[in-house]
Amino acid sequence: MRSFFSKIIAVTLFALIPTLSYAQREYSPNLAIGGKAGATMSKMSFSPEVHQKFTNGLTMGITARYTEEKHFGLIAEINLTQRGWAEDFAEDEAPQFSYSRTLTYIQIPFLTHIYFGSKKFRGFVNLGPEFGYMIGSSISANFDYKNYASVEGFPQGYRTNEQLNMEVQNKFDYGIAAGVGVEWILKRKHSFFLEGRYYYGLGNIYKATKRDFFAASRGMSIEITLGYMIRVR
């Protein structure tokens, strides 16, 4: 009986050799590198609430993608990204005022890459943590935001204004990123991709102890990017 099962196993393994060889070729590991650039729309999650709207920015960076099995891979990126917020004065019936703050970050996402489709066209989902460090902050305003209390007609009393002149206190940022997109593969080694990605920050730009004014000041953004990848292995 043992000899019979040994023969069955041997025959089965012999029959699987072509399949295993094909699978090895089909799912061989590959490494691709590339770059991307695009636009961002961002604002903040403040507590107490701040009357705000999305502000526009830019993002660009380099990316590396490693896939070892069909439908699954890992992505690491280094991006220069602009985030921030714009004050919404129309909500306070003072549309003559404008204020926006741009926060520039070096962002490093580590993402799980799930893809599906054909050898020429794929859809994909990216998901994972993202870490960043602020390297710049700039303000654009048409009034003296450092002395807004003395500006004629400026809305006060029922509006949160402390953030207008507060310096960023926490430059380190972290959060969760999730994106969906499509990829066009050209001549096997070259491809272009289009991705829409949402980022929700978990770190505060202002201190958030019981003695501080803001209990939360977290960033969030929507990014649309176009990129190019080349397979190097």
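Preceding block: the structure.
None of these values were measured; they are calculated from a predicted model. (Residues numbered from 1 in each chain as written. Predicted model: local features only at pLDDT ≥ 70, side-chain atom pairs only at ≥ 80, totals over all residues. Heavy atoms only, no water.)

## Observations regarding the pairing of strand β8 (residues 190–204)
Now for step 1: Of the strand pairs in this sheet, strand β7 (residues 172–186) and β8 are connected by 12 bridges, and their pairing is antiparallel. Bridging across to β8, Glu183 finds its partner in Phe193.
Now for step 2: The turn joining β7 and β8, which pair antiparallel and follow one another in sequence, is formed by 3 residues; a positive phi near 55° is taken by Lys187.
Now for step 3: With 12 bridges joining them, β8 and strand β9 (residues 216–231) adopt antiparallel strand pairing. Bridging from a neighbouring strand, Ser191 pairs with Met229 of β9. (Pairing = 2+ DSSP bridges. Helix = DSSP H or I, 4+ residues; strand = E, 2+ residues; numbered from the N terminus.)

## What about the pattern of salt bridges?
Now for step 1: Counted under the stated rule, the structure contains 9 salt bridges.
Now for step 2: We note a salt bridge from Arg83 to Glu130, for which the minimum N-O separation is 2.9 Å. Of the two residues, Arg83 is situated in strand β4 (residues 72–87) and Glu130 in strand β6 (residues 121–141); the sequence distance between them amounts to 47 residues.
Now for step 3: Its relative accessible area of 5% is what places Arg83 among the buried residues. (Salt bridge = Lys/Arg side-chain N within 4 Å of Asp/Glu carboxyl O. Buried < 20%, exposed > 50% of the residue type's maximum accessible area, 1.4 Å probe, protein only.)

## Quick notes on the environment of His190
Now for step 1: Structurally, the position occupied by His190 is in strand β8.
Now for step 2: The spacing of His190 and Val232 is 42 residues in sequence and 9.7 Å in space, taken between C-alpha atoms.
Now for step 3: Excluding residues within four positions of it along the chain, His190 makes contact with Trp184, Ile185, Tyr228, Met229 and Ile230. (Contact = heavy atoms within 4.5 Å.)

## Examining the nonpolar core
Now for step 1: Core analysis: the biggest nonpolar cluster contains 21 residues, and Phe143 and Ile205 have the highest contact counts within it.
Now for step 2: Of all the secondary-structure elements, those providing two or more residues to this core are β1 (30–47) and β5 (99–117).
Now for step 3: For this core, the element with the most residues is β5, which contributes 3 residues.
Now for step 4: Setting aside residues no more than four positions away along its own chain, Ile205 makes contact with Met44, Trp85, Leu103, Tyr105, Met134, Val168, Gln169, Asn170 and Ser217.
Now for step 5: Core analysis: the second largest hydrophobic core is formed by 5 residues, Ala32, Phe124, Phe193 and Met229 among them. (Core = buried A, V, L, I, M, F, W, Y, C linked by side-chain atoms within 4.5 Å.)

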